[in-house]
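# Structural description and commentary
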Amino acid sequence: MRYGLVIVTAGFTGLLSFSLLAVAIGTDYWYIIDVNKPNCTGSDELSSHSGLWRINEGANMSSVIPSFTANMSSLSEVERHLLGLHKVVVIMLPLSLVLLVFGWIFGLVSSLACSPKLLAGSASYVLFCSLFTLSGVSIYIKYSNLAMEEFQRIVPPENLAHVDVSFGWSLAAAWLSYSLEVASGLLLLLAARISQMKGRYDSGVAITML
């Protein structure tokens, strides 16, 4: 396989991964609550979709999730636990986004240097970044499930009969970003292997010519 093709593909997947994660972090379709009450004209106003920073209810209502500004002393133990999980998510995913920028720069420098060690180091770094994305998304899923369990405990079952909940496309974008981060890291490892084999081949040709 050609070294240049592998490097270009790794760079493209890394850039696409960064873009998808940025879109996921900035949009409000991580979790969707859809209320479909029959013979009720205001069902749309009861529906909501939320992201990492905001909850959008109905057509015009929007509220910020107070992860860092909430009065913890007035909250129950379950609510404090949920806010703690949410804090971890909103720290880890933006941190992963920042780390990806440096990973792309390291990958570019190592690819131009054609150094197997630098390429392997860049690959390891990108794969390490993917752990932040994976952890953030996994913790968000746990946070959402716990929040729904608490909601079901408080609200009578008959009021939940016409409520549909689902994860949205923002979460799917984050998962796809994680997959592309792993693919980019593996491609950089492949490039390191190709560069190493090319170096050995060039050395062998030079020795033969001598």
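Notes on the structure follow. Nothing here was measured: the structure is a model prediction, and the numbers come from that model.

Attention now moves to the overall build of the protein chain. A count of helices and strands for the protein chain gives five helices and five strands. Listing every helix and strand of the protein chain by position from the N terminus yields α-β-α-β-β-β-α-α-β-α. Residues classed as buried in the protein chain amount to 37% of the 210 residues present. In the protein chain, the proportion of contacts linking residues at least 24 apart, taken out of those at least 6 apart, comes to 71%. Put simply, the protein chain shows about 12,100 Å² of open surface, and 68% of that area lies on carbon and sulfur atoms.

This next bit is on the side chain of T27. Here T27 shows up in the loop between α1 (3-26) and β1 (31-35). On the basis of relative accessible area, T27 is assigned to the buried category, the value being 19%. Among the polar contacts listed, one links the side chain of T27 to the backbone oxygen of V23, at a separation of 2.7 Å. A polar contact of 2.6 Å, which involves the side chain of T27, links it to the side chain of S170. Setting aside its immediate chain neighbours within four residues, T27 contacts G51, L52, W169 and S170.

A few words now on the packing of aromatic side chains. Under the defined criterion, the tally for this structure stands at seven aromatic pairs. With 5.2 Å between their ring centres and 80° between their planes, F128 and F132 make a pair best called edge-to-face. In this pair, F128 and F132 are both assigned in helix α4 (residues 116-154), four residues apart and thus about one turn of the helix distant. Taken together, W30, Y140 and Y143 form an aromatic cluster joined through their ring pairs.

One can describe the packing of helix α3 (residues 77-113) onto α4 by two numbers: an axis separation of 8 Å at closest approach and a directional angle of 160°. Viewed along their axes, α3 and α4 adopt a mutual orientation that is roughly antiparallel. Where α3 crosses over α4, the two elements pack in a sense that is left-handed. By residue class, the composition of the contact of α3 with α4 is 25 nonpolar, 11 polar and one charged.

Note that R2 resides in the segment before α1. For R2, a relative accessible area of 70% translates into the label exposed.

A few words now on the sheet that holds strand β3 (residues 54-57). Paired through their backbone hydrogen bonds, the strands of a sheet run either parallel or antiparallel. Strand order across the open sheet formed by five strands is β4-β3-β2-β1-β5, with antiparallel pairing between neighbours. Bordering the open sheet on either side are β4 (61-64) and β5 (163-167), each of which pairs with just one other strand. This sheet shows a mean twist of 15° between the axes of neighbouring strands, independent of strand direction. In the packing of α4 onto the sheet, the strands contacted are β1, β2 (48-50) and β5, and the crossing angle to β5 comes to about 165°.

Another point: the pairing of β1. Within a regular strand, the side chains alternate between the two sheet faces. Here β1 pairs with β2 via three bridges, running antiparallel. When the bridges of β2 are listed, I33 appears paired with S48. Relative to β5, β1 runs antiparallel, the two sharing five bridges. Bridge pairing links I33 to V165 in β5.

This part takes up the pattern of salt bridges. Oppositely charged side chains can form a pair if their charged atoms are brought close together. One pass over the full model with this rule turns up two salt bridges. Of the charged contacts, one joins R54 and D28 as a salt bridge, the two residues approaching to 2.8 Å between their closest N and O atoms. One end of the pair, R54, is in strand β3; the other, D28, is in the loop between α1 and β1, with 26 residues separating them in the sequence. Of the residues examined, D28 reaches a relative accessible area of 9% and is grouped as buried.

Conventions used here
- Residues numbered from 1 in each chain as written.
- Predicted model: local features only at pLDDT ≥ 70, side-chain atom pairs only at ≥ 80, totals over all residues.
- Heavy atoms only, no water.
- Helix = DSSP H or I, 4+ residues; strand = E, 2+ residues; numbered from the N terminus.
- Buried < 20%, exposed > 50% of the residue type's maximum accessible area, 1.4 Å probe, protein only.
- Contact = heavy atoms within 4.5 Å.
- Areas by Shrake-Rupley, 256 points an atom, 1.4 Å probe, with all protein chains shown as cover.
- Polar contact = N/O pair within 3.5 Å; in protein donor to acceptor, adjacent residues only side chain to side chain.
- Phe/Tyr/Trp six-rings, centres within 6.5 Å; stacked < 30°, edge-to-face > 60°.
- Axes fitted to C-alpha atoms, helices over the stretch in contact; angles between N-to-C directions.
- Parallel < 35°, antiparallel > 145°, perpendicular 65-115°, else oblique.
- Left-handed = near helix turned anticlockwise from the far one by under 90°.
- Nonpolar A, V, L, I, M, F, W, Y, C, P; charged D, E, K, R; others polar.
- Pairing = 2+ DSSP bridges.
- Salt bridge = Lys/Arg side-chain N within 4 Å of Asp/Glu carboxyl O.

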